[in-house]
Amino acid sequence: MKTVAKSEGGKDESDLRAQGEEMHALCRELFPICRSLTGDGVRRTLNIIQRQLPQLQIHEVPSGTKCFDWTIPPEWNIRDAYILDPAGRKIVDFADSNLHVVGYSTPVDRDIGLEELQQHLHSLPDMPGAIPYVTSYYKERWGFCLTHRQREQLKPGTYRVKIDSTLAPGSLTYADLVLPGKLRQEILLSTYVCHPSLGNNELSGPAVATFLAKHIAGLAERTYTYRFVFVPETIGSIVYLSKHLDHLKSSVIAGFNITCIGDERCYSYLPSRDGKTLSDRVAKHVLRHTDPDYVAYTFLDRGSDERQYCAPGVDLPVATVMRSKYGTYPEYHTSLDDLSLVTATGLAGGLQALIRCVEAVEHCRTYKVQVLGEPQMGRRGLYSTLGTRGVEDAVRIRMDLLAYCDGRRDLVEIAETIGVPVWELAPYVAELLSHGLIAEVESGSVT
Amino acid sequence: MKTVAKSEGGKDESDLRAQGEEMHALCRELFPICRSLTGDGVRRTLNIIQRQLPQLQIHEVPSGTKCFDWTIPPEWNIRDAYILDPAGRKIVDFADSNLHVVGYSTPVDRDIGLEELQQHLHSLPDMPGAIPYVTSYYKERWGFCLTHRQREQLKPGTYRVKIDSTLAPGSLTYADLVLPGKLRQEILLSTYVCHPSLGNNELSGPAVATFLAKHIAGLAERTYTYRFVFVPETIGSIVYLSKHLDHLKSSVIAGFNITCIGDERCYSYLPSRDGKTLSDRVAKHVLRHTDPDYVAYTFLDRGSDERQYCAPGVDLPVATVMRSKYGTYPEYHTSLDDLSLVTATGLAGGLQALIRCVEAVEHCRTYKVQVLGEPQMGRRGLYSTLGTRGVEDAVRIRMDLLAYCDGRRDLVEIAETIGVPVWELAPYVAELLSHGLIAEVESGSVT
Amino acid sequence: MKTVAKSEGGKDESDLRAQGEEMHALCRELFPICRSLTGDGVRRTLNIIQRQLPQLQIHEVPSGTKCFDWTIPPEWNIRDAYILDPAGRKIVDFADSNLHVVGYSTPVDRDIGLEELQQHLHSLPDMPGAIPYVTSYYKERWGFCLTHRQREQLKPGTYRVKIDSTLAPGSLTYADLVLPGKLRQEILLSTYVCHPSLGNNELSGPAVATFLAKHIAGLAERTYTYRFVFVPETIGSIVYLSKHLDHLKSSVIAGFNITCIGDERCYSYLPSRDGKTLSDRVAKHVLRHTDPDYVAYTFLDRGSDERQYCAPGVDLPVATVMRSKYGTYPEYHTSLDDLSLVTATGLAGGLQALIRCVEAVEHCRTYKVQVLGEPQMGRRGLYSTLGTRGVEDAVRIRMDLLAYCDGRRDLVEIAETIGVPVWELAPYVAELLSHGLIAEVESGSVT
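Residues numbered from 1 in each chain as written. Chains lettered and ligands numbered in written order. Predicted model: local features only at pLDDT ≥ 70, side-chain atom pairs only at ≥ 80, totals over all residues. Heavy atoms only, no water.

**Considering the overall build of chain A**
- Helix and strand counts for chain A stand at twelve helices and 19 strands.
- Every one of the 447 residues in chain A was classed for burial, and the buried ones make up 62%.
- Sequence separation of 24 or more characterises 81% of the internal contacts of chain A that already satisfy a separation of 6 or more.
- Split by element, the accessible area of chain A, about 16400 Å² in all, is 49% carbon and sulfur.
- For chain A, the centre of its 48 positive side-chain charges and the centre of its 56 negative side-chain charges are spaced 3 Å apart. (Helix = DSSP H or I, 4+ residues; strand = E, 2+ residues; numbered from the N terminus. Buried < 20%, exposed > 50% of the residue type's maximum accessible area, 1.4 Å probe, protein only. Contact = heavy atoms within 4.5 Å. Areas by Shrake-Rupley, 256 points an atom, 1.4 Å probe, with all protein chains shown as cover. Lys, Arg positive; Asp, Glu negative; His and termini not counted. Charge placed at Lys NZ, Arg CZ, Asp CG, Glu CD.)

**Things to note about the packing of aromatic side chains**
- The full count for this structure, using the stated rule, is 24 aromatic pairs over all chains.
- When the centroid spacing of 6.1 Å and the interplanar angle of 85° are considered together, the rings of Tyr404(A) and Phe299(C) count as edge-to-face. Pair noted here: Tyr404(A) is in helix 10 (residues 393–404) and Phe299(C) is in the loop between strand 15 (295–296) and helix 8 (306–309), and the two residues belong to different chains.
- Relative accessible area serves as the criterion here: at 4%, Tyr404(A) is assigned to the buried category.
- Here Tyr137(C) and Tyr138(C) contribute two aromatic rings whose centre-to-centre distance is 6.1 Å and whose plane-to-plane angle is 75°, an arrangement assigned as edge-to-face.
- On the accessibility criterion, Tyr138(C) (36% relative accessible area) is partly exposed.
- Every member of this aromatic cluster is reached through a ring pair, and the members are Trp70(A), Trp76(A), Tyr104(A), Tyr137(A) and Tyr138(A). (Phe/Tyr/Trp six-rings, centres within 6.5 Å; stacked < 30°, edge-to-face > 60°.)

**Thoughts on the interface of chain C and chain A**
- Taken together, the 30 residues of chain C in the interface contact 26 residues of chain A.
- Across the interface of chain C and chain A, roughly 2300 Å² is buried in total on both sides, 48% from carbon and sulfur atoms.
- Across the chain C-chain A interface, the total number found is five salt bridges.
- Among the ionic pairs, Asp400(A) bridges to Arg302(C), the shortest N-O distance being 2.7 Å. (Buried area = accessible area lost by both parts, 1.4 Å probe. Salt bridge = Lys/Arg side-chain N within 4 Å of Asp/Glu carboxyl O.)

**Side note on the sheet that holds strand 16 (residues 318–322) of chain A**
Residue and element names in this part refer to chain A.
- Judged by pairing direction, the sheet is mixed, and its eight strands sit side by side in the order 1-10-12-11-13-16-14-15 without closing on themselves. The open sheet has two free edges, formed respectively by strand 1 (57–62) and strand 15 (295–296), since each of these has just one partner strand.
- When strand 13 (residues 252–258) meets strand 16, the two strands line up parallel, connected through three bridges. Bridging from a neighbouring strand, Phe 256 pairs with Ala 319 of strand 16. (Pairing = 2+ DSSP bridges.)

**A few points about the sheet that holds strand 18 (residues 406–410) of chain B**
Residue and element names in this part refer to chain B.
- A sheet is described by the order of its strands in space; here three strands give the open sequence 18-17-19, paired in antiparallel fashion. The open sheet has two edge strands with one neighbour each: strand 18 and strand 19 (438–440). Taking each pair of neighbouring strands and ignoring which way they run, the sheet shows an average axis angle of 35°.
- Pairing analysis gives two bridges linking strand 17 (residues 366–369) to strand 18, with the strands arranged antiparallel. Along strand 18, the bridge assignment pairs Lys 368 with Asp 406.
- The sheet strands contacting helix 12 (residues 422–434) are strand 17 and strand 19, and the helix crosses strand 19 at an angle near 105°. (Axes fitted to C-alpha atoms, helices over the stretch in contact; angles between N-to-C directions.)

**Some thoughts on the relation of the copies chain C and chain A**
- Rotating chain C by 120° about the axis while translating it 0.1 Å along that axis superimposes it on chain A, leaving an RMSD of 0.1 Å. Both chain copies can therefore be described as sitting about a three-fold axis. Within chain C, the C-alpha atom positioned nearest to the axis of rotation is that of Lys276(C), 13 Å from it. (Least-squares fit on C-alpha atoms with pLDDT ≥ 70 in both.)

**Details of the pairing of strand 5 (residues 90–93) of chain A**
Residue and element names in this part refer to chain A.
- With three bridges joining them, strand 4 (residues 75–84) and strand 5 adopt antiparallel strand pairing. By the bridge assignment, Leu 84 is partnered in strand 5 with Lys 90.
- Connecting strand 4 to the next strand, strand 5, in antiparallel fashion are five residues, including Gly 88 with a positive phi near 85°.

**Some words on the confidence of the model for chain A**
All names here are of chain A.
- Mean pLDDT over chain A: 95, with 96% of residues reaching 70 or higher.
- Considering only residues more than four positions removed or in separate chains, one finds that residues 386–391, a stretch of pLDDT under 50, has 16 contacts.
- Scored by ipTM, the complex comes to 0.92, with pTM at 0.93. (pLDDT = per-residue confidence, 0-100.)

**A short note on the interface of chain B and chain A**
- Across the contact, 26 residues belong to chain B and 30 residues belong to chain A.
- Between chain B and chain A the total buried area reaches about 2300 Å² when both faces are included, carbon and sulfur atoms providing 48% of it.
- If you look at where chain B meets chain A, you find five salt bridges.
- Notably, a salt bridge pairs Asp69(A) with Arg380(B), separated by 2.7 Å at the nearest N-O pair.
- In this assembly, chain B and chain A are joined by eleven residue pairs in polar contact (both at pLDDT 80 or more).
- Counting only elements with at least two residues in the side of chain B that touches chain A, the list comes to helix 10 (393–404), strand 18 and helix 11 (411–418) of chain B.
- Per-element tally for the side of chain B that touches chain A: the top contributor is helix 10 of chain B, with six residues.
- When grouped by side-chain class, the residues that make up the side of chain B that touches chain A number eleven nonpolar, six polar and nine charged. (Polar contact = N/O pair within 3.5 Å; in protein donor to acceptor, adjacent residues only side chain to side chain. Nonpolar A, V, L, I, M, F, W, Y, C, P; charged D, E, K, R; others polar.)

Given below as structure tokens:
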């Protein structure tokens, strides 16, 4: 009996390990940059990613532009910020950590008493060693963030606060990359670039998205067209949708929001609003076979760009595959969400899960058996010729495929029924196709 | 950020407590009257209710009238009844309790030996202190009910039995009340008046129905038209259906049978035959948020007028919200089901649950978000402007409404999804409507 | 109140016990015959069955005939086979057990060393006292099966192996029997005849099928037409389908594969591929009321002719009701699966379950209540006339039938809802029909 090469799906172990290291290196390069909704930090970040993905297109949308219900805010840039204590010592310094300044802080440069200063300070009493991450995009404010430990040592007196920022007409920056496939139907992959020095809830997303794009770009063949989107969260996806909604609604058959995908603690899944799209089915299938203990959230737990992609009237089939979800781990939105939390291994596992997801979408075709009754597998060398007790796994997979390929169930549904990962079914599908025992059924594909 | 007045649904505590007392007083007034399928007891009961609800219409249907498969029986009236023991002492007296006489007993006035008398007596060996409730509507009989304790003391000898009743052509009496709303679609509320001195399984129903009608009549505005029906059980609802079936089938969008709604032991729910009507969804939603331990029965446990309202070919969306269901509590259909079992607090809780049910039906509209993507809540003062960890409940409710108001899910479905009672959502819906962020979707309403 | 004769479904106890003995006797008569895919053993078996079922039609299909993807193989017959040890003693003898020869063994007659002989021997190290059952239908081989205990005693030396078999053009033999009913819609009952001396996984099937056919043939009235099929497994059902597919697809409304139905250990069920056909609903309903601990398998556990009957494009509604399923009991496919494992009691229980299944299909009509609201049962003598606590089972069944006979739910669905076996409902249905309270709804029957 012929044998079929076993497929593990995704990348092989050593290749994956190497890419984990490269992704972590990219994170380290991007870490110090002060990103926000707009500004040079985003531009610098996208330029660095463009080195990995030369076809990446970078776009600018001027401040004041209307996008659906929103208006692009002024562009924010910051060069320096600090607090001098009454003795003139620099006690809080933007150069140490860009988390020290409230995002979108207006400029300030003056003396100030401790009591008034306190109203501009943010710290976390329950995490006294962490600097919190705070922003005020749509209301003009200024402020500093610091550890609670440091804040408690502040003594009465006159402090000097200085934020050398500008909040002025400019533009919002985002990027995209389209990798054409045989079909014009698209798989959408979206991530965000808008947080300063944060690890899991920022850099893991663009790092994994970049290496997923490199992987897809390197494939000999793609059934579907792939669209990668790098945007500031919320307003960026709204901008993107406002420019491409009709196209996306008619083209996207599956999509994944890429965020919080770099630590090692768990895998998790957040459904689309609909909950039953191909993306949802694929995400759950992949995670079940990647980590049976993965955490399944509901759409009530949403918090990233699926809020826009799945909004009523937008309704794109976008699910989210994560490691530790935003808002659920203690370091979230603090200086402790750094590149020790995000690891090469964590990033590699996230990349592997997403590669398996897009492979599963590629595999998820519908086939129909071409004979009535079971085919005679023996004369094709596809069956054990000696009828004894015990039937081998390979024979069982072939016969199960032949039993369920009825022109209605797609391959992910069959994989779920059989309890075998779709990537392990793929070589058997190829074999049965080559024997003419099954044929693909066109399901109204857009070609 | 603006705040929204929190709604508890239904009536406020002190108002409710007062109405509980008034309902109990009404029960006490109605308790001594000897009601049956027909007769002056029903008329007197409806006249007393009419004092509370002046618009109540009282109708008479002559004996012999055909209604679907049934014929209106002769009218039964009773003035007096007793048993004299061999010594001439009145040992069983209708004047003490109208339960002492089998309902619809034919007249009798003669001497009788103990042995023969026993064949006309009903008692409960397992509840020796209770008088059972027995009727014989459709077969001519006479009989007395008494406690088993008393029965056991009867000695051989000649007894005198006297029942001064009449069973003669007359009519069946019922009443209804229609309170028009903006729409001609109706909410049906039905209760029964046909048991003599019984509490939970009789008077709690008309008492709560009366005060629910008073509440609805007092509303400044009603979306739907309300129809209250007071009928003798079974034949009364059959009479009502036979006169109004076409109208009811084309108008009723939800309905509730009001019975066994006055004790304090539990809340319970009995579904419509279909089990998935708006009434069912609303009843379960209200009870889940009123008493998470409410008892859910199936349609197999039916026993009241839902048998007619949900019969094949009738198929009205009628569910039942109760306190302790008929047939499930030990006092049921005995003299122990009295006004100590039914309490002001029990009646008030039942009224509150039903008010919440009709409010939920009123709230259960379908809305659609009017912007693509999430709206910018900040510039409308509907969002916290400082992005910190933790999002307030109010913001969460607003954002969830905006996520699920997609023109397909109605508000009860959204309330179930979000896990918030629909009455708490209502003020947020009003707020979002006033901002033009959502709009009602007409779902083929009958106007 | 009139009473209704209680129905237990199926046959009564003493009749059933007698038939169990007759079925076991038939098994004993068929046991020694060496059946295979083709050959005289099958013919002799079908001739014996024909004595019980004179209308049985026996058919021959020539070797080389194409049937769907398959070709009828040469016919195999065997007269004798043995191994002589170096001392000339007959140590393995076909005359002792036909399991000693690998099915479809090519002829052989020569001396052979032990080492080479070993390559033609089959035994079970983990069941040292059992002779395994081995076949090689589609690859030419020869071989012997023996107990592992015997095999371990073989000493080096020259053995004589002799198999007096022929593998030559001939035909495949199968049989069928059609018992016409009032409707041309059919119930299909299929079993297989192709294993040599095996009990539960061979003879229980044709024995029970034969007696089921005798039972059906003896009925005064049949709503449906019954088709019994006796075929060699796999290729036989493929042959049958290739000849009758269009007819079967347009006629068969329910079907059962009859196999492994003679031991006493358990009842079990294997669904059709669809899983929701009438056969599946009926099988589960019958088993739930026959043995609440019955084992429910999935279609992934399939292994008999349901593989062909339920193949994509064939899609007949065929489910399987068994005692201990093939492949799940230790004696399966060994000499221990004999007529001590299969018992009269086991066969009788299997027959009873299948009779109940076909009765349930016959009962599974759809009715509609003919009055609006509940009918007045009292004046028809169908209701207790004295309203007391406690309602009798009979009244409850009548009222439940009247509540659920809505022209949409069929009787098996109603039986499941009410929790009463459909055979207990049948007399009440007859009673309600006779009163004109319900009427059958035609569901597009083929007449």
